[in-house]
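A structural walkthrough
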Amino acid sequence: MKKTTLALAALATLLTPMLGSADMLAELDTNGDGAVTVDELQAVYPDMTAESFSEMDINDDGLLDADEITAAEEAGTINQDG
């Protein structure tokens, strides 16, 4: 029982950042296609520039996916507080 509780606590700790990123993606992705455009990002962060968006767009596809949003959050470029 104790091992199970510890394992679940460890799993929750590991998943918490991913859940936050999923929340962030859902908040930003207004059309629900699973990615965030510069326009969607600027609707929440009006001061965000196209240049900043490009820096976050690691794979240079013109969209931010969950991994890129996580990286931007970790870098402090965007945050859930808006």
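Residues numbered from 1 in each chain as written. Predicted model: local features only at pLDDT ≥ 70, side-chain atom pairs only at ≥ 80, totals over all residues. Heavy atoms only, no water.

**Some remarks on the overall build of the protein**
Helix and strand counts for the protein come out as four helices and zero strands. When its helices and strands are written in sequence order, the protein yields α-α-α-α. Within the protein, the proportion of its 82 residues that are buried is 24%. Within the protein, residue pairs in contact and separated by at least 24 positions form 42% of the contacts whose partners lie at least 6 positions apart. (Helix = DSSP H or I, 4+ residues; strand = E, 2+ residues; numbered from the N terminus. Buried < 20%, exposed > 50% of the residue type's maximum accessible area, 1.4 Å probe, protein only. Contact = heavy atoms within 4.5 Å.)

**Observations regarding the confidence of the model for the protein**
Parts of the prediction with low pLDDT should not have their coordinates interpreted in detail. Summing up the model confidence of the protein, the mean pLDDT is 79 and the portion of residues at 70 or higher is 71%. No element of the protein has a lower mean pLDDT than helix α1 (residues 2-28), at 56, and none a higher one than helix α3 (residues 50-56), at 95. Here residues 5-20 is modelled with pLDDT under 50, and outside its nearest four sequence neighbours on either side it reaches two contacts, counting other chains as well. (pLDDT = per-residue confidence, 0-100.)

**A look at the side chain of Asp29**
Tracing the backbone through its elements, the reader meets Asp29 in the loop between α1 and α2 (38-44). Overall, Asp29 belongs to the buried group, its relative accessible area being 9%. Not counting residues up to four positions away in its chain, the partners in contact with Asp29 are Gly34, Ala35, Val36 and Glu40.

**Some thoughts on helix α4 (residues 66-75)**
Those residues of α4 lying buried are Glu68, Ile69 and Ala72. Projected down its long axis, α4 shows its buried positions confined to an angular sector of 100°, all on one face. Exposed residues lying more than 90 degrees from the buried face of α4 are Asp67 and Glu74. The backbone nitrogen of Asp67 lies 3.1 Å from a side-chain oxygen of the residue at the head of α4, namely Asp65. Just downstream of α4 lies Gly76, where phi reads positive at about 80°. (Arc of directions from axis to C-beta. Polar contact = N/O pair within 3.5 Å; in protein donor to acceptor, adjacent residues only side chain to side chain.)

**Section: the environment of Gly34**
Tracing the backbone through its elements, the reader meets Gly34 in the loop between α1 and α2. The exposure class of Gly34 is partly exposed, given its relative accessible area of 39%. The residues touching Gly34, leaving out its near neighbours within four places in the chain, are Leu25 and Asp29.

**Some remarks on the environment of Ser52**
Summarising the element assignment, Ser52 is placed in helix α3. Look at Ser52 and you get partly exposed, because its relative accessible area is 23%. On a C-alpha basis, the gap between Ser52 and Val38 in space is 9.5 Å, while along the polypeptide they are 14 residues apart.

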